[in-house]
Amino acid sequence: MYRALGRLGGRLPRPPPSRGLTWGAGGSAPHLGGADLASLPAAARRFVEEGVELCRPSGVHLCDGSKEEGDALVALLREQGVLHPVPKYENCWLARTDPQDVARVESRTVLVTERERDSVPPAPPSGEPQLGRWLSPRAFDQAVRQRFPACMSGRPLFVVPFRMGPRGSGLARAAVQLTDSPYVVASMRIMTHVGLDVLPDLQGGDFVRCLHSVGRPLPLTEPLVSNWPCDPERTLIAHVPDERRIVSFGSGYGGNSLLGKKCLALRIASRLARDEGWLAEHMLILGVTPPSGRKVYVAAAFPSACGKTNLAMMQPALPGWSVQCVGDDIAWMKFDDEGRLRAINPERGFFGVAPGTSPSTNPAAMATVRRDTLFTNVGLGSHGEPFWEGLESLLPPGTSLTDWHGRPWALGSPQPCAHPNSRFCAPAANCPSMDPAWEDPRGVPIDAIIFGGRRPEGIPLVYEAFGWQHGVFVGSAMRSEATAAAEHTGRRLLHDPFAMRPFFGYNAGRYLAHWLSLGERRGLCLPRVFHVNWFLRDPSGKFLWPGFGHNARVLAWICSRVAGEDNAKEMPYGLVPKEEALDLRGLPGVSYRHLFPLDRSFWERETRELRTYYQENFGEDLPREVMDQLEALEKRVRKI
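Notes on the structure follow. Note that the structure is a prediction, hence the values are computed from the model and not measured.

**So, the overall build of the chain**
Now for step 1: If you tally the helices and strands in the chain, you get 15 helices and 33 strands.
Now for step 2: Taken over C-alpha atoms, the radius of gyration comes to 24 Å for the chain, in line with the 26 Å a tight globule of 640 residues would show.
Now for step 3: Across its three principal directions, the C-alpha atoms of the chain cover 80 × 60 × 45 Å.
Now for step 4: Burial statistics for the chain: of 640 residues in total, 62% are counted as buried.
Now for step 5: A separation of at least 24 residues holds for 74% of the contacts in the chain among residues at least 6 apart in sequence.
Now for step 6: Of the side chains in the chain, 74 bear a positive and 69 a negative charge, and the two mean positions are spaced by 1 Å.

What follows is the structure in structure tokens.
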């Protein structure tokens, strides 16, 4: 496999230097920050040689992670017209992408394995599989040959050594990304630990190899849109889990190009986790401290744009309670020697959805983005402030606005000022509510796991699973309205098991089996499992639950269950709070009865649809234990 990446036998060739790069002393390879390619361990150097031979860049730069390097990258991006200053904030910048490059491209994101069954369950008879896409090694090699030869011509190749996870953690992973996008390098410097101190972790070759190109060699054959290089017609994001390789072409945006994000942190890491006996999950991590002082750590899985960042940075509306953030998107978790599940956040930054983030919904996020932040596809005010939907009240009088295309925009316009999937990329250390243990290499102990999604009807505000197997079933049955983070449009419901539908690194049925296997291991303190739904609506479309800081009321009940309080009653779908156990004081118009609906016809439809979904998308790869849980739910529903 990977035959298209031929290796050179000797020194790196010396291509002519490109603008913005300088040559090292003695004619060594070009660099910005003083790092010499000779400092690379042998295995990493061979990987760079493969990339140079294939992509033929105009120069090579080994990133050292220094401030000087960061300043030079910004200067280069400004010169290229990619970054624009956001002067009202400190060291903040705005990028506008080509409108064809604004979201994850799930239809062109593939797993490459010798056997299709190792990547995805059998394809459903009704059409394309929903749980991942497979590409054969032969087709993958052909795709590389069609895209990558000389794809970096005229552009420098940046060598980005990076680590995910705190130094000293047994779960931390080293990687090297090769890219021709300085925007990607600037973003990776925020999202991961980039620097020369990662080089010792590359010794021996046990690192993830990431190759990325925007696919627009110079000179250009046609003009760029918004000065944003991309090749949307030929975009491909491929993962070779057996070789711990990621290959991305054609997109410069988000998780398509920041290969430490979803590609490594979930698709490759979930395969590593299965092989090594841990979990790599699309989950936030937060610490909840009640007035009594006993902190409870929670991991929660929601699909993108369903409020993960808001929950992770919540300011509780309950007096005496506090919430602190460990991470807002990724959790790597492993049971320790005492049987406790411990989690690390492998990222160092937030790549959050901007629209809807405001001082009222997430004041901690607003404080976080005020310095050292890259904004992408948001609007810009004439006073130098970033703008997106939700910030109307903050606009100074007389402010004129430009939208995410760079065109004049006025309040009340039918088109949004910021793209619905516009983002902020900000250092986690900026967040005022970061947990003191967020970089503890041991991880934090997880007491509860929460699943959730956007469900406008039928699914209650919160319920607890009956046990571990039922909890795995609850995670597998997740459904949510489609969001702007992916290609899907409209508010149709999508199945999203474990919020991992776009991120499985191997066969999703075997993924469920891996979770189930943890419940069979002796001596483990298994977390309790819950499901939440902040998005119930009444017939007029109004939300039934105020959400945001009031979600602490739900967390308070979860904490009480972790503490062993007997304050739940059984429903067909799980355990819900007794009416007096959920604090609804000070919430006029909020009805306990409406928050915990029990409609037999809804659950009959839900179980019918879920059975069809399992049969068509998992087939015989669905673990028997999951089907047993569905059948048990069907029996309980018939008794309503």
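**Description of the nonpolar core**
Now for step 1: Ranked by size, the top nonpolar core spans 175 residues in total, and within it W332, F375, I446 and Y614 carry the most contacts.
Now for step 2: By size, the runner-up hydrophobic cluster in this structure holds 35 residues, among which are A44, V60, F140 and L178.

**Examining helix α11 (residues 508–518)**
Now for step 1: Across the 11 residues that make up α11, a large majority, 8, are buried.
Now for step 2: Among the residues making up α11, those that are buried are A508, G509, Y511, L512, H514, W515, L516 and L518.
Now for step 3: Taken together, the buried residues of α11 touch α7 (260–276), β14 (279–281), β18 (331–335), β27 (444–452), α10 (468–476) and α15 (624–638).
Now for step 4: Its side-chain oxygen 2.8 Å from the backbone nitrogen of G509, N507 forms the N-cap of α11.

**Some remarks on the pairing of strand β6 (residues 109–112)**
Now for step 1: Of the two faces of β6, the one carrying T109 and L111 and the one carrying V110 and V112 are both buried.
Now for step 2: Of the pairings in the sheet, the one linking β6 to strand β12 (residues 236–240) comprises 3 bridges and is parallel in character. By the bridge assignment, T109 is partnered in β12 with I237.

**Section: the packing of α10 against α11**
Now for step 1: It is at 9 Å that the axes of α10 and α11 come closest, and there the two elements cross at 155°. Comparing the axis directions of α10 and α11 gives the class roughly antiparallel. Judged by the sense of rotation from one axis to the other, the crossing of α10 with α11 is right-handed. Contact residues: W468, Q469, V472 and S476 in α10; L512, W515, L516 and L518 in α11.
Now for step 2: Taken together, the residues of the contact of α10 with α11 break down into 6 nonpolar, 2 polar and no charged.

**Brief notes about the pattern of salt bridges**
Now for step 1: For the structure on display, the rule yields 41 salt bridges.
Now for step 2: Between K261 and E347 there is a salt bridge; the shortest N-O distance is 2.8 Å. One end of the pair, K261, is in helix α7; the other, E347, is in the loop between β19 (341–344) and β20 (349–353), and 86 residues separate them in sequence.
Now for step 3: For K261, a relative accessible area of 5% gives the class buried.
Now for step 4: Take E347: its relative accessible area is 2%, and that puts it in the buried class.
Now for step 5: With its nearest N and O atoms 2.9 Å apart, the salt bridge here joins R624 to E631.

**Re the sheet that holds strand β22 (residues 379–381)**
Within a beta sheet, neighbouring strands are joined by backbone hydrogen bonds and run either parallel or antiparallel to one another.
Now for step 1: The sheet built from 4 strands is open, its strands ordered β23-β22-β24-β25 with antiparallel pairing. Sheet topology places β23 (386–387) and β25 (408–409) at the edges, where each strand pairs with a single neighbour.
Now for step 2: For β22 and strand β24 (residues 401–402), the ladder comprises 2 bridges, and the chain directions are antiparallel. Counterpart to G381 in the pairing with β24 is L401.

**Quick look at the sheet that holds β20**
Now for step 1: Read across the open sheet, the 5 strands follow the order β4-β5-β21-β26-β20; overall the sheet is mixed. Each edge of the sheet is formed by a strand with only one pairing partner; in this case those strands are β4 (83–85) and β20. For this sheet, the mean inter-axis angle between neighbouring strands, taken without regard to orientation, is 25°.
Now for step 2: Sheet topology places strand β21 (residues 374–376) next to strand β26 (residues 423–427); 3 bridges connect them, and they run antiparallel. Bridging across to β26, T376 finds its partner in R423.
Now for step 3: Across the sheet, helix α2 (residues 67–79) touches β4 and β5 (93–95), and the angle it forms with β4 is around 105°.
Now for step 4: In this fold helix α5 (residues 182–191) packs onto β5, β20, β21 and β26, with an angle of close to 50° to the strand it touches most, β26.

**Notes on the pairing of strand β11 (residues 208–213)**
Now for step 1: By the criterion of burial, β11 is predominantly enclosed, with 6 of the 6 residues buried.
Now for step 2: Both strand β9 (residues 173–179) and β11 contribute to a ladder of 4 bridges, which runs parallel. Of the residues in β11, the one forming a bridge with V176 is R209.
Now for step 3: Where β11 and strand β13 (residues 245–249) come together, 5 bridges link them in parallel fashion.

**Considering unusual backbone geometry**
Now for step 1: A cis amide bond, omega 0°, links L218 with the succeeding residue P219.
Now for step 2: For P219, the position within the fold is in the loop between β11 and β12.
Now for step 3: The backbone of S226 sits at a positive phi, close to 60°, despite the residue not being glycine.
Now for step 4: Tracing the backbone through its elements, the reader meets S226 in the loop between β11 and β12.
Now for step 5: The backbone of D372 sits at a positive phi, close to 55°, despite the residue not being glycine.
Now for step 6: Looking at the element boundaries, D372 is found in the loop between α9 (363–368) and β21.
Now for step 7: For D372, a relative accessible area of 27% corresponds to the partly exposed category.

**Thoughts on the packing of aromatic side chains**
Now for step 1: As enumerated under the stated definition, the model contains 22 aromatic pairs in all.
Now for step 2: Between F530 and W557, the ring centres sit 5.9 Å apart and the planes meet at 80°, which makes this aromatic pair edge-to-face. Placement of the pair is F530 in strand β31 (residues 528–532) and W557 in helix α12 (residues 552–562), with a sequence separation of 27 residues. In this pair, the class of F530 matches that of W557, namely buried.
Now for step 3: Pairwise contacts between aromatic rings join F451, W468, F498, F504, Y506, Y511 and W515 into one cluster.
Now for step 4: Here R209 stacks its cationic end above the ring of F207, 3.9 Å away from the centre of that ring.

**A look at helix α14 (residues 600–617)**
Now for step 1: End to end, α14 covers 25 Å across 18 residues, agreeing with the expected 26 Å (1.5 Å per residue, within 8%).
Now for step 2: Among all positions of α14, only F602, W603, E606, T607, L610, Y613, Y614 and N617 are buried. For α14, the angular spread of buried residues about the axis comes to 125°, placing them on one side.
Now for step 3: Packed against the buried residues of α14 are α10, β29 (479–481), β30 (493–495) and α15.
Now for step 4: Phi for G619, located one or two positions after α14, is positive at around 55°.

About the cut-offs
- Residues numbered from 1 in each chain as written.
- Predicted model: local features only at pLDDT ≥ 70, side-chain atom pairs only at ≥ 80, totals over all residues.
- Heavy atoms only, no water.
- Helix = DSSP H or I, 4+ residues; strand = E, 2+ residues; numbered from the N terminus.
- Rg over C-alpha atoms; globule rule 2.2 N^0.38 Å.
- Buried < 20%, exposed > 50% of the residue type's maximum accessible area, 1.4 Å probe, protein only.
- Contact = heavy atoms within 4.5 Å.
- Lys, Arg positive; Asp, Glu negative; His and termini not counted.
- Charge placed at Lys NZ, Arg CZ, Asp CG, Glu CD.
- Core = buried A, V, L, I, M, F, W, Y, C linked by side-chain atoms within 4.5 Å.
- Polar contact = N/O pair within 3.5 Å; in protein donor to acceptor, adjacent residues only side chain to side chain.
- Pairing = 2+ DSSP bridges.
- Axes fitted to C-alpha atoms, helices over the stretch in contact; angles between N-to-C directions.
- Parallel < 35°, antiparallel > 145°, perpendicular 65-115°, else oblique.
- Left-handed = near helix turned anticlockwise from the far one by under 90°.
- Nonpolar A, V, L, I, M, F, W, Y, C, P; charged D, E, K, R; others polar.
- Salt bridge = Lys/Arg side-chain N within 4 Å of Asp/Glu carboxyl O.
- Phe/Tyr/Trp six-rings, centres within 6.5 Å; stacked < 30°, edge-to-face > 60°.
- Lys NZ or Arg CZ within 6 Å of the ring centre and 35° of its normal.
- Expected span 1.5 Å × (residues − 1).
- Arc of directions from axis to C-beta.

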